[in-house]
Amino acid sequence: MVQKLDQKLPVANEYLLLSGGVREGVVDLDLDELNVYARGTDYDMDFTLLVPALKLHDRNQPVTLDMRHSALCHSWLSLRLFDEGTISKWKDCCTIVDHINGATNYFFSPTKVADWFYDSISIVLSEIQKKPQRGMPKVEKVEKNGTIISIILGVGSSRMLYDIVPVVSFKGWPAVAQSWLMENHFWDGKITEEEVISGFYLVPACSYKGKKDNEWRLSFARSEVQLKKCISSSLMQAYQACKAIIIKLLSRPKAISPYHLRSMMLWACDRLPANYLAQEDYAAHFLLGLIDDLQHCLVNKMCPNYFIPQCNMLEHLSEETVMLHARKLSSVRSDPAEHLRTAIEHVKAANRLTLELQRRGSTTNIPSPQSDGGDPNQPDDRLAKKLQQLVTENPGKSISVFINPDDVTRPHFRIDDKFF
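Not measured: the values here are computed from a predicted model.

Cut-off values and rules
- Here the residue numbering is sequential within each chain, running from 1 through the sequence in written order.
- For a predicted model such as this one, the threshold for reporting local features is a pLDDT of at least 70, and the threshold for listing and counting side-chain atom pairs is 80 or more; totals across whole chains, interfaces and linings nevertheless cover every residue.
- Each side-chain value is derived from all of the structure's non-hydrogen atoms; neither hydrogens nor water enter the calculation.
- Values of pLDDT, the confidence the predictor places in each residue, fall between 0 and 100.
- Strands here mean DSSP runs of E at least two residues long; helices mean DSSP runs of H or I at least four residues long; both are numbered from the N terminus.
- Between two residues, a contact is recorded if the distance between any of their heavy atoms is within 4.5 Å.
- Exposure categories follow from relative accessible area, calculated using a 1.4 Å probe and restricted to protein chains: below 20% of the type maximum is buried, above 50% is exposed, and the middle band is partly exposed.
- Only strands that DSSP links by at least two bridges are regarded as paired with each other.
- Centre distance within 6.5 Å is the pairing criterion for rings of Phe, Tyr and Trp, where only the six-membered ring of Trp is used; planes under 30 degrees apart are then read as stacked, over 60 as edge-to-face, and the remainder as tilted.
- To estimate how far a helix should extend, the number of its residues minus one is multiplied by 1.5 Å.
- Only buried Ala, Val, Leu, Ile, Met, Phe, Trp, Tyr and Cys residues count toward a nonpolar core, and they belong to the same one when joined by side-chain atoms within 4.5 Å.
- Source of the domain bounds: an automatic or database domain assignment.
- Any Lys or Arg side-chain nitrogen found within 4 Å of a carboxyl oxygen on Asp or Glu counts as a salt bridge.

Peer 1: For this particular structure, what's the right way to read the confidence of the model for the chain?
Peer 2: Close inspection of predicted coordinates is inappropriate for parts of the model with low pLDDT. In the predicted model, the chain carries a mean pLDDT of 83, and 85% of its residues have values of at least 70. Considering each helix and strand of the chain separately, the mean pLDDT is smallest for strand 13 (residues 418-419), with a value of 60, and largest for strand 10 (residues 216-219), with 95. Note on residues 364-380: pLDDT under 50 across the span, and 31 contacts to partners over four residues away in sequence or across chains.

Here you go:
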């Protein structure tokens, strides 16, 4: 429906659906403007949806980006790479630079694109609310958090949080990460290079000293989904456990995100013997190892990006912040089981709150985010549960969503090469 407003979005578009919200470090965004939502109170399930505003195919050549003005892992995007029709369509979402020779260069602006996207989504949702259709979910909340649009949808008794991210989608691989392909990696021989380097994104996030109106961050979310196929279940369990512990403990002041932890896990897979990582009963060992790796990165203020190792993702931190988090992590290392129990209790409490709110909603006639208020036109939550089932049953697989602009009521999903 957004595509139909002004035909800016590509008609044949592919949206990457990731389990977990931006706040959980699903993609490397690290935005300060994100509002805090509470699982159980505000939502039951969360997802991140990457929506390509522009797509670029490179004809199998390394993609060269304009990094002259940016920090490592970031880039400006000139529309000179695109045809005149695309430039004309997106001019109002660009910053303009006039050169001495009289030429005008249009740089695709992440902030302006996010503003346009939020305005467009608001118009579409307003139309839906005026003419509600059977089968459409109920919109509980729409907020713009920096360059991210967060929507909470009520579907039957479920509330689903979507962090929607406008991105630029590329087929191929960036030239700046070309040397990474020359190294030996844990996934060699397990999946093909074509699967790993099938594409990358620019996501709307600038570096700490960058110009937020122009600077995008390189994201390898599609590659990371493929690499997860090669990680043992016990190491993934340890990663989830470590993430659950640190996500709140190290949240203030903001320094470490789950994305840092995921990068460390990928480096560990390259560093450690495959037969050790394949041990099914070593989850506890791996948890301690991840905590130690995180401590080492903090103390040395060094966490290289997995795909662009020359980019240190912690170099901007102050000594004071580093030492504060290092001390917190030492307390975790001394008794990880206790911290893990606390994290589990938080999850249980959130689940109990969800059930309690659902119970209250079903015993009153007042419509709530958990109740359809008895309206027969409201959908049940079969779609929500199907979506959750697809994500849960296909760990490490690439899940894409395809939507026909002429019939938005019937999305379908592709999991790797199979359609549903």
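Don't stop here, the text continues.
Peer 1: I keep staring at the pairing of strand 7 (residues 148-155) and nothing clicks. Help me out?
Peer 2: In summary, the side chains of a regular strand alternate between the two faces of the sheet. Within strand 7, eight of the eight residues are buried, which leaves it mostly tucked inside the rest of the structure. Of the two faces of strand 7, both are covered, the one formed by Ile148, Ser150, Ile152 and Gly154 as well as the one formed by Ile149, Ile151, Leu153 and Val155. Strand direction decides the pairing type here: strand 6 (residues 138-145) and strand 7, joined by seven bridges, are antiparallel. Opposite Asn145, over in strand 7, you have Ile148 as the bridge partner. Linking strand 6 to strand 7, which pair antiparallel, is a turn of two residues; within it Gly146 sits at a positive phi near 70 degrees. Note: strand 7 against strand 8 (residues 158-171), seven bridges, orientation antiparallel. Within strand 8, the residue paired with Val155 across the bridge is Ser158.

Peer 1: Would you mind going over the pairing of strand 8 with me for this structure?
Peer 2: Extensive coverage of strand 8 is indicated by the burial of 13 of its 14 residues. Where strand 2 (residues 45-57) and strand 8 come together, 12 bridges link them in parallel fashion. Paired with His57 across the strands is Lys171, a residue of strand 8. Bridge count for strand 8 against strand 9 (residues 199-203) is four bridges, and the pairing is antiparallel. Residue pairing across strands places Val168 opposite Leu202, the latter belonging to strand 9.

Peer 1: So what exactly am I meant to see when it comes to the packing of aromatic side chains here?
Peer 2: The geometry of an aromatic ring pair is captured by the separation of the ring centres together with the interplanar angle, meaning the angle of the planes. Inspection of every chain in the model, using the stated rule, returns 20 aromatic pairs. In this structure an aromatic cluster arises from ring pairing among Phe170, Trp173, Trp180, Trp187, Phe200, Phe220, Trp267, Tyr306 and Phe307.

Peer 1: What is the right way to read helix 7 (residues 258-271) from this model?
Peer 2: Because an α-helix completes one turn every 3.6 residues, residues spaced three or four positions apart along the sequence face the same direction. Spanning 14 residues, helix 7 covers 20 Å between terminal C-alpha atoms, matching the ideal 20 Å at 1.5 Å per step. Within helix 7, 11 of the 14 residues are buried, leaving the element largely enclosed by the surrounding structure. Among the residues making up helix 7, those that are buried are Pro258, Tyr259, His260, Leu261, Arg262, Ser263, Met264, Met265, Leu266, Ala268 and Cys269. On the buried face of helix 7, the contacting elements are helix 5 (221-227), helix 6 (233-249), helix 8 (274-277) and helix 9 (283-300).

Peer 1: It is not clear to me how the nonpolar core should be interpreted in this structure. Could you clarify?
Peer 2: The tendency in soluble globular proteins is for nonpolar side chains to be buried as a group. Counting residues in hydrophobic clusters, the biggest one holds 94 residues, and the most contacted among them are Leu77 and Phe108. Each of domain 1 (1-75 + 117-228) and domain 2 (231-361) accounts for three or more of the residues forming this core. Once you skip the residues sitting within four places of it in the chain, Leu77 turns out to touch Leu54, Leu65, Phe82, Tyr106, Phe107, Phe108, Val168, Phe170, Leu202 and Trp216. Leu16, Leu29, Ala205 and Ala221 belong to the second-largest nonpolar core, a separate cluster that totals 17 residues.

Peer 1: How should the environment of Leu261 be read in this particular structure?
Peer 2: Examined against the element boundaries, Leu261 turns out to sit in helix 7. Leave out the neighbours within four places in its chain, and Leu261 touches Tyr239, Cys242, Lys243, Ile246 and Leu290.

Peer 1: For this particular structure, what's the right way to read the pattern of salt bridges?
Peer 2: Where charged atoms from two side chains of opposite charge come close, those side chains can pair. All chains considered together, the criterion is met by 18 salt bridges. Between Glu224 and Arg262 there is a salt bridge whose closest N-O contact spans 3.0 Å. Of this pair, Glu224 sits in helix 5 while Arg262 sits in helix 7, and the two are 38 residues apart along the sequence. Neither residue differs from the other here; Glu224 and Arg262 are each classed as buried. Glu338 is the salt-bridge partner of Arg341, the closest N and O atoms lying 3.1 Å from each other. With Arg341 and Glu338 both in helix 11 (residues 336-362) and three residues apart, this pair spans about one turn of that helix. Beyond isolated ion pairs, a larger network of salt bridges with shared partners links Glu24, Arg39, Asp46 and Lys243.

Peer 1: Just checking my understanding: could you explain unusual backbone geometry for this structure?
Peer 2: What is expected of a backbone is that most residues other than glycine have negative phi and most peptide bonds are trans. Of note in this structure, Cys73 is not a glycine but carries a positive phi near 75 degrees. Even without a glycine there, the phi angle at Lys301 is positive, about 50 degrees. Structurally, Lys301 is set in the loop between helix 9 and helix 10 (319-334). Taking the relative accessible area as the measure of exposure, Lys301 reaches 22% and is therefore partly exposed.

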